[in-house]
Amino acid sequence: MTNLLTVLLLIDVFAYGFRYGVDGLNMNYYLMSCPFVEPVVKNIVNRAFQNDPTLAAALIRMHFHDCFIEGCDGSVLIDSTKDNTAEKDSPGNLSLRGYEVIDDIKEEIERQCPGVVSCADILAMAARDAVFFTGGPVYDIPKGRKDGRRSKIEDTINLPFPTFNASELIRSFGQRGFSAQEMVALSGAHTLGVARCASFKNRLSQVDPNLDTEFAKTLAKTCNSGDNAEQPFDYTRNDFDNVYFNALLRKNGVLASDQTLYTSPKTRNFVNAYAFNQAMFFFDFQQAMVKMGLLDVKDNSNGEVRENCRKIN
């Protein structure tokens, strides 16, 4: 009898989640409409990651650039047309990559459940799985985002710049409801990936007291190969860990917006904490990522489920 009650209770919980998750977000949003969406996303992200480990950083960055402009609505995925220059073609987004991974996931899901799963959700899930496959925290995200119908280059002016100091970063993230500590935790995504010379060469034209002398030589050597030359944020570029924060303690931050987190008294304590306590960083990062994934989400009234992630229906 107890087992039967438990089963009935679970059915009711799932039914509740399905009924009331229509316009709101819900962990079990696709439970009935597309039950295999999670393994499809995970398998394709894993396959892409095995072929090219650097794609993990790319997917997380793409999710961030999506959410910061017009909310988490897949607008960064939309291609430009002759009448509209989209977000992805702005200077701050030209180095984004991994669009083909999202295309592959969408194609497979459309085969299984046409017109059900949004591109915004696919990107959010892909970013979460990228964190997992690189050794980062395991966490779930609510689903049910709808895809936006707007993607304009001028909106990307709101992206944080690599030259921002701590006060500018705190203000930029604060406008989206994040605390200074959440901003530092999210900056920890730079535990993965690389920066291009163009985004840090300004630090090399004069002596920067917040840049280690030997590390400045390393950066200068990288820049000898041109503006597109890549410098890893830390020496474990494909591993999700707290090495990035330890680099800041040694004045080995690549971007000005990285090193300022340790230089500024407003954020230094958070950097110290994460450098010495990886578990704390992991916990705060996953909390901040879930929160970021809720930024300005669209519902059925102002969004859609795109058939093709690259264009509005």
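Each chain has its residues counted from 1, following the order in which its sequence is written. Thresholds applied to this predicted model are a pLDDT of at least 70 for local features of residues and 80 or more for the giving and counting of side-chain atom pairs; totals over whole chains, interfaces and linings are not thresholded and use all residues. The side-chain values count all of the structure's non-hydrogen atoms but skip hydrogen atoms and water molecules.

Visitor: Honestly, the nonpolar core in this entry has me stumped. Any pointers?
Guide: Nonpolar cores were defined as sets of buried Ala, Val, Leu, Ile, Met, Phe, Trp, Tyr and Cys residues, with membership established by side-chain atoms within 4.5 Å. Burial classes follow relative accessibility: with a 1.4 Å probe on protein chains only, a residue under 20% of its type's maximum area counts as buried, one over 50% as exposed, and anything between as partly exposed. Core analysis: the biggest nonpolar cluster contains 69 residues, and L77, I102, I105, I109 and F245 have the highest contact counts within it. Here a strand is any run of E in DSSP of at least two residues, a helix any run of H or I of at least four, and the numbering for each starts at the N terminus. Per element, the largest residue contribution to this core is 10 residues, and it comes from helix α3 (residues 55-68). There are two domains that each give this core at least three residues, and those are domain 1 (19-159) and domain 2 (166-292). Whether two residues touch is decided by their heavy atoms; if any such pair falls within 4.5 Å, the residues are in contact. When residues no more than four places from it in sequence are discounted, the contact partners of I102 are L59, M62, L77, I122, L123, A126 and C309. All the domain ranges listed were derived from an automatic or database domain assignment.

Visitor: Got a minute to help me understand the environment of I109 in this structure?
Guide: Along the chain, I109 turns up in helix α4 (residues 99-112). Residue I109 is classed as buried on the basis of its relative accessible area of 1%. Leaving out residues up to four positions away in the same chain, I109 has contacts with C34, V37, V40, V41, P114, V117 and I122.

Visitor: Which parts of the structure should I look at to understand the UniProt feature "binding site: Ca(2+) 2" (unreviewed entry) in the chain?
Guide: Here the UniProt feature "binding site: Ca(2+) 2" (unreviewed entry) sits at T191, D234 and D241. Separation in sequence by 51 residues is not matched in space for these annotated residues, since their most distant C-alpha atoms are only 10.0 Å apart. Within the fold, T191 resides in the loop between α7 (180-187) and β1 (194-196). Residue T191 is classed as buried on the basis of its relative accessible area of 0%. What T191 contacts, discounting residues up to four positions off in sequence, is D234, T236, R237, D239, F240, D241 and Y244. Contact partners of D234, with chain neighbours within four places excluded, come to H190, T191, D241, V243 and Y244. UniProt positions are given in the numbering used here, feature names are shortened, and annotations may be inferred rather than shown by experiment.

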